[in-house]
Amino acid sequence: MQHVGVLSVGAVVRQRGFGLRVLAGEGELGRAVEWVHVSELADPGPFLRPGTLLLTTGIQLGDPEEYVGRLDVVGIGFGVGLSHESVPDGLIATCQQNSVPLLEVPLATRFADIVRFVADDLARTAVKAVRSTVDAERTLIRALGTKDPQTEIVRRLAKWLNGWAMALDKDRRPQAVFPAKARRELGQVQAELTRTTPAGRFSVSWSTDTDQISVHPTEHGYLAVGAPKLNPDAAGVIGIAANLLSFQDDQAGRAREAERTVRTAAAYLLVNGLHDEAVKIAKDLPQPPYRAAVIQDQETLPDDVLMIDDIGIFAADFPLADHLTGRAAVSDPAEDLPEAIEQARSLAKALTKPGIITRDDVAARSLLSQVDTPEIRAYAKALLDPLPAELLNTLKVFLAAGGSWAEASAKLKIHRHTLRYRIRKIEDLLGRSLGDTGARAELWLAIHLDK
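Read on for an overview of the structure. Nothing here was measured: the structure is a model prediction, and the numbers come from that model.

**Comments concerning the sheet that holds strand 3 (residues 52–56)**
Here five strands make up an open sheet; going across it, the order is 1-5-4-3-2 and the pairing mixed. Both edges of this open sheet fall to strand 1 (21–24) and strand 2 (35–38), since each of them pairs with a single strand only. Across this sheet, the average inter-strand angle for adjacent strands is 25 degrees, counted without regard to direction. With three bridges connecting them, strand 1 and strand 5 (residues 102–105) associate as antiparallel partners. Note that in strand 5 the partner of Val 22 across the bridge is Leu 103.

Rendered as structure tokens:
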């Protein structure tokens, strides 16, 4: 759809009214003619641009090899019947050798007619290109009214380009790709973005053996396209597509935000026991029995979880663990939502590690497990280091006996006086009195951590 027909040298030759005859360069007649220029200079090269078809009668032809060697043209039209009755053999041979199309222009054919024909065709081509671009832009804009605008914009753009297109999010993950086989280009696109975008978000382009590829930033990601040839008019259409993707992302974001607001309002109604009212303003609400959770360190959650500040509300059978990356204190299933929330807030006081904690977890864990950290272990080791092995063992037995002199001395198989001597020594070395309940508790904790 993008590629509007371009006039070729062969197309000019096929205009029977001109009576042109090909004398050299038959294999290059597919070259595109971008303009026609008439010149009788000995060296017209400085005045010509690439893509020009040169018309001349050869008044100052000179050496054919030098003449052709200075030219960068798509072809030469040589008028006969004035300065030359026929096209010089040397010019024919030189053009054939250099693969330059050489056309014999009969005396009856005016150069002005050839110039006008090419100019009119270029004008028609330009109009077609504009119409094609406008049609493409309209088609892309209409995609906003479809069920999946992002996918439809990418699909329509790829078809117009006769190539492929893909929309990526800000993390360079594919959101829409057309055709499906274009996914094989994803790795190269991601690698190029990684290489070129650390300094900022801007358009990049490169070429492969088969395609010209370009990547353009959108509001929330990137648009990548590839085609065998990206014509100048393609840039405007690709820009429109990138802007439409940005617009669609913004609209979708606003819609999601509005939906979240509505669902939060519904959650407040549920908390206050107004389930029927909540159902009226939001769809797919959790059904009792509920679970409530205090959720921390979590960026996003599925819509199945209604959020009120840090409290998540969801159905009892919802697999929260499958969607959790942070920490959560989760209540038991309950018909009464306020009760579930109160229990979750109480459990949240025990949150210390990533993952989920429930009432059963708190009941099964000891306090010791909650303070078992590398820093606490290091403190415990430093606290007990002054004690030699015999005194450390004595301390362990004494604390295990709950401070009973008789029980501890019996287990150690030593006299009570010996035990008292050791305990005084331990107190001196540690700077703590074992008659103090707090000191005994601290030392008991240190012993159990120093393993």
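**Description of the packing of helix 13 (residues 389–400) against helix 14 (residues 405–412)**
Angle between the axes and distance between the axes: these two values describe a pair of packed helices. For the pair helix 13 and helix 14, the least separation of the axes is 8 Å and the interaxial angle reads 135 degrees. Taken together, the axes of helix 13 and helix 14 are oblique relative to one another. The interaxial crossing formed by helix 13 with helix 14 has right-handed handedness. In this structure, helix 13 contributes Asn 393, Thr 394, Val 397 and Phe 398 to the contact, and helix 14 contributes Trp 405, Ala 408, Lys 411 and Leu 412. Partitioned by chemical class, the residues of the contact of helix 13 with helix 14 number five nonpolar, two polar and one charged.

**Notes on the packing of aromatic side chains**
With the rule as written, the count across this model stands at three aromatic pairs. Consider the rings of Phe 18 and Phe 117, whose centres lie 5.7 Å apart with planes at 80 degrees: the pair is edge-to-face. A residue pair is termed long-range when its members are at least 10 positions apart, and Phe 18 in the loop between helix 1 (9–13) and strand 1 and Phe 117 in helix 4 (residues 111–142) qualify at 99 residues. The lysine or arginine in question, Arg 420, covers the ring of Trp 405, its NZ or CZ lying 4.2 Å from the ring centre.

**Some words on the pattern of salt bridges**
Between side chains of opposite charge, a pair can form when the charged atoms approach closely. Throughout the structure, instances matching the rule amount to 17 salt bridges. Here Arg 156 and Glu 152 are joined by a salt bridge, their closest N and O atoms 2.9 Å apart. With Arg 156 and Glu 152 both in helix 5 (residues 149–161) and four residues apart, this pair spans about one turn of that helix. The shortest N-O distance in the salt bridge between Asp 385 and Lys 381 comes to 3.9 Å. Given a relative accessible area of 45%, Lys 381 falls into the partly exposed group. The structure contains a network of salt bridges with shared partners spanning Asp 43, Glu 66 and Arg 70.

**Structural notes on a negative patch on the surface**
On the surface, Glu 259, Asp 284, Asp 303 and Asp 304 cluster together into a negatively charged patch. Structurally, the position occupied by Asp 284 is in the loop between helix 8 (275–281) and strand 11 (290–296). Classification of Asp 284 by relative accessible area gives exposed; the value is 71%.

What counts and what doesn't
Residues numbered from 1 in each chain as written. Predicted model: local features only at pLDDT ≥ 70, side-chain atom pairs only at ≥ 80, totals over all residues. Heavy atoms only, no water. Pairing = 2+ DSSP bridges. Helix = DSSP H or I, 4+ residues; strand = E, 2+ residues; numbered from the N terminus. Axes fitted to C-alpha atoms, helices over the stretch in contact; angles between N-to-C directions. Parallel < 35°, antiparallel > 145°, perpendicular 65-115°, else oblique. Left-handed = near helix turned anticlockwise from the far one by under 90°. Contact = heavy atoms within 4.5 Å. Nonpolar A, V, L, I, M, F, W, Y, C, P; charged D, E, K, R; others polar. Phe/Tyr/Trp six-rings, centres within 6.5 Å; stacked < 30°, edge-to-face > 60°. Lys NZ or Arg CZ within 6 Å of the ring centre and 35° of its normal. Salt bridge = Lys/Arg side-chain N within 4 Å of Asp/Glu carboxyl O. Buried < 20%, exposed > 50% of the residue type's maximum accessible area, 1.4 Å probe, protein only. Patch = residues over 30% accessible without salt bridge, like charges linked within 9 Å, V, L, I, M, F, W, Y side chains within 5 Å. Areas by Shrake-Rupley, 256 points an atom, 1.4 Å probe, with all protein chains shown as cover. Lys, Arg positive; Asp, Glu negative; His and termini not counted. Charge placed at Lys NZ, Arg CZ, Asp CG, Glu CD.

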